[in-house]
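Now for the letters of each chain:
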Amino acid sequence: MRGRQLGEADRIFTLFTGERGKLDAVAKGVRRAKSHLAGRMEFGNECEFGMHRGRSLDVIVSAHILHAPWSKLVEPERFAVVSLVAELIDAFCEPDLAMPDVYELLTGMIAAVERSPSPRELLPRFSLRLLAVLGLAPPPDACVRCGRQLGSNAGWLDAQAGGLIDESCRERWRDLPEFDARDRENFGALCAPKGAAAPALRATPRVARAVEDLLAHHLGRRPKAGAHLSEFVPG
Ligand SMILES: [Zn+2]
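Everything numeric in this text was worked out from a predicted model, so none of it was measured.

Caption draft 1: Structural view of the pairing of strand β5 (residues 58-67). Direction of pairing for strand β3 (residues 21-27) relative to β5: parallel, over a ladder of two bridges. Considered in β5, the bridge of Ala25 is made with Asp58.

Okay, structure coming up:
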């Protein structure tokens, strides 16, 4: 969840739920010290909510904390990574559309970020899993333009095309990053379906940049939290 102010005592929270996907809901009086909701509505918390249907927004009447990672997320790199995760899910998911796979991915990612000594390295695998759940994942071993298998041939990352392309589809004048055998293998492992790759699998530097470019292509911009992340974590 993530909040913003509404009037003097209320806040609107953007929640990501298992049942209804993304939704905005108002917590009335949450900014008053005696509110029973204050302290439960922290960024990143997983809660069971009681809600009323309001005229425009749902109203949160109760919150029971299921998982509160905040004590770990205050660490700057962890906070920046989870902020980026929240921004991506917010940008890619329509309101009021149940997306249980995204919910599972989100809660799994928050738990992994809490444990990881280098949470930033979790982002390429998370990003590719998110694209996969959204139906936007690139095929790791075929040219996205002509569909031909890359086999042991070189591949070039064409973010505008949404994945790797082969020699015959590559325009010579375009300066695209070339994936060598190690990058290809790494990219394939990171694209593997749920459970088939270690979540902490590290991306090669070229693959990590390529995944950022792919995300930016699908998002139509660079994520804001990404810029923030690079401010204090040299990458
Ligand atoms: Zn091709």
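Caption draft 2: Highlighting the sheet that holds strand β7 (residues 163-165). The three strands are arranged β7-β6-β8 in an open sheet whose pairing can be described as antiparallel. Since the sheet does not close on itself, it has two edges, and those belong to β7 and β8 (178-179), each with one partner. Two strands pair when backbone bridges link them, and strand β6 (residues 155-158) and β8 are joined in this way by two bridges, in the antiparallel orientation. Pairing of Trp156 across the sheet is with Glu178, part of β8.

Caption draft 3: Just the pairing of β6, in detail. Because side chains alternate across β6, one face comprises the buried residues Gly155 and Leu157, and the other comprises Trp156 and Asp158, equally buried. As paired strands, β6 and β7 are joined by three bridges and run antiparallel to one another. Paired with Trp156 across the strands is Ile165, a residue of β7. Counting the residues that bridge the hairpin from β6 to β7 gives four residues, and of these Gly162 lies at a positive phi of roughly 90°.

Caption draft 4: Fine view of helix α3 (residues 100-115). Between its first and last C-alpha atoms α3 spans 23 Å; for 16 residues at 1.5 Å apiece the expected length is 22 Å, and the two agree. Taken together, the buried positions of α3 are Val102, Leu106, Met109, Ile110 and Val113. Down the axis of α3, the buried set is contained in an arc of 100°. They therefore lie on one face. Turned more than 90 degrees away from the buried face of α3 sit Pro100 and Arg115, all of them exposed. Against β2 (10-17), α2 (76-92) and α4 (123-133) lie the buried residues of α3.

Caption draft 5: Just α2, in detail. Relative to the 24 Å expected for 17 residues at 1.5 Å per residue, α2 spans 24 Å between its end C-alpha atoms, a close match to the ideal helical length. For α2, the set of buried residues is Phe79, Ala80, Val81, Val82, Ser83, Leu84, Val85, Leu88 and Ile89.

Caption draft 6: A look at the domain arrangement of the protein chain. Along its sequence, the protein chain is carved into domain 1 (2-68) and domain 2 (71-138 + 175-232). A C-alpha centroid distance of 26 Å is found between domain 1 and domain 2. On the side of domain 2, 16 residues touch domain 1, which itself brings twelve residues to the contact. Those elements that provide at least two residues to the side of domain 1 that touches domain 2 are β2 and β3. It is β3 that provides the largest number of residues to the side of domain 1 that touches domain 2, a total of three residues.

Caption draft 7: Layout of the sheet that holds β3. Overall, mixed pairing links the five strands, which are arranged β1-β2-β3-β5-β4 in an open sheet. With one partner strand each, in any of the chains shown, β1 (2-6) and β4 (46-52) form the two edges of the open sheet. For this sheet, the mean angle separating the axes of adjacent strands, direction not counted, is 35°. Bridge analysis of β1 against β2 gives five bridges, and the strand direction is antiparallel. Counted as the bridge partner of Gly3 is Phe13 from β2.

Caption draft 8: Seen up close, the environment of Cys143. Take Cys143: it is sitting in the loop between α4 and β6. Given 23 C-beta atoms within 10 Å, Cys143 falls into the buried group. For the pair Cys143 and Ile165, spaced 22 residues apart in sequence, the C-alpha to C-alpha distance is 4.2 Å. Residue contacts for Cys143: discarding those within four places in its chain leaves Arg148, Leu150, Leu164, Ile165, Asp166 and Cys169.

Here is what the cut-offs are and how they apply
Residues numbered from 1 in each chain as written. Predicted model: local features only at pLDDT ≥ 70, side-chain atom pairs only at ≥ 80, totals over all residues. Pairing = 2+ DSSP bridges. Helix = DSSP H or I, 4+ residues; strand = E, 2+ residues; numbered from the N terminus. Buried ≥ 20, exposed ≤ 12 C-beta atoms within 10 Å, placed from the backbone. Expected span 1.5 Å × (residues − 1). Arc of directions from axis to C-beta. Contact = placed C-beta atoms within 7 Å. Domains from an automatic or database assignment. Axes fitted to C-alpha atoms, helices over the stretch in contact; angles between N-to-C directions.

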